[in-house]
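# Observations on the model geometry
Residues per chain, in single letters:
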Amino acid sequence: AQTVTQSQPEMSVQEAETVTLSCTYDTSESDYYLFWYKQPPSRQMILVIRQEAYKQQNATENRFSVNFQKAAKSFSLKISDSQLGDAAMYFCAYKDRDDKIIFGKGTRLHILP
Amino acid sequence: SQTIHQWPATLVQPVGSPLSLECTVEGTSNPNLYWYRQAAGRGLQLLFYSVGIGQISSEVPQNLSASRPQDRQFILSSKKLLLSDSGFYLCAWNRGSNTGELFFGEGSRLTVL
């Protein structure tokens, strides 16, 4: 069975600095999708970034980028120029070919002013 | 535009009582539908997902069940609630395309006493 592991329950970063959130996953499939979602205090889940496994190029969305290492089954999220509004719970997620989508336990990110 | 609604938003139920949480999607057809539970320290746990009417995959059978009586309606039920069923329940949908992006409802907070 597929699994998603986020080993950092909480992290803190100074405003304007860069932080990297870790995610590893386990699968025997070669075709899948990976996601990072953000859950602010409002609890509304927001898609941050998406990566297709067949694409070698790392996805980027403004200040958010990923480091996708397929062989290592690693999918980390880098947030540059951290802002107070980035404070949230971040979830890594995996989607298989059958549209099953599973999440990690999350990393709570604190932004220090 | 597409919208998703789930209700009730808050529910307090005694142990052993039944449960029914409802989720409805508007503005699309044949969506994939998902039920997740968010409990402290456990991240987002996939409970059920459905890629079509009559097709429901169970990830955590236990004492919960799901039904899809209509194309855009997904119901989470229990005949007898346990204390461990307390949590924040999220319904979500996606188009079933390769993008896989999930769109979440507002959530339902269930407290079992």
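Coordinates for the structure precede this section.
First, a word on scope: everything that follows refers to the structure included in this document. Note that this is a predicted model, so its numbers are computed, not measured.

### Focus on the environment of leucine 109 of chain A
Residues and elements named next belong to chain A. Examined against the element boundaries, leucine 109 turns out to sit in strand 12 (residues 107-112). On the basis of relative accessible area, leucine 109 is assigned to the buried category, the value being 2%. On a C-alpha basis, the gap between leucine 109 and proline 40 in space is 9.9 Å, while along the polypeptide they are 69 residues apart. Discounting chain neighbours no more than four positions away, the residues touching leucine 109 are Met11, Val13, Val19, Leu21, Ile79, Asp86, Ala87, Ala88 and Tyr90.

### A closer look at the pairing of strand 3 (residues 19-26) of chain B
Residue and element names in this part refer to chain B. As judged from the five bridges shared by strand 1 (residues 3-7) and strand 3, these two strands associate in the antiparallel manner. Note on strand 3: the bridge partner recorded for isoleucine 4 is valine 25. Strand direction decides the pairing type here: strand 3 and strand 8 (residues 73-78), joined by six bridges, are antiparallel. In the sheet register, serine 20 faces strand 8, and the bridge partner there is serine 77.

### Some points on the environment of serine 42 of chain A
Following the sequence through the fold, serine 42 of chain A ends up in the loop between strand 5 (33-39) and strand 6 (46-52). Serine 42 of chain A sits 46 residues away from alanine 88 of chain A along the chain, and the two C-alpha atoms are 9.4 Å apart.

### Description of the pairing of strand 11 (residues 108-112) of chain B
Residue and element names in this part refer to chain B. With burial as the criterion, only one face of strand 11 is covered, namely that bearing Ser108, Leu110 and Val112; the residues Arg109 and Thr111 on the opposite face remain uncovered. Here strand 2 (residues 10-13) runs beside strand 11; their pairing, made up of four bridges, is parallel. Of the residues in strand 11, the one forming a bridge with threonine 10 is arginine 109. Summarising the sheet, strand 9 (residues 87-94) and strand 11 pair through three bridges and their orientation is antiparallel. Looking at the pairing, phenylalanine 88 lines up with arginine 109 of strand 11.

Reading the values: the criteria
Residues numbered from 1 in each chain as written. Chains lettered and ligands numbered in written order. Predicted model: local features only at pLDDT ≥ 70, side-chain atom pairs only at ≥ 80, totals over all residues. Heavy atoms only, no water. Helix = DSSP H or I, 4+ residues; strand = E, 2+ residues; numbered from the N terminus. Buried < 20%, exposed > 50% of the residue type's maximum accessible area, 1.4 Å probe, protein only. Contact = heavy atoms within 4.5 Å. Pairing = 2+ DSSP bridges.

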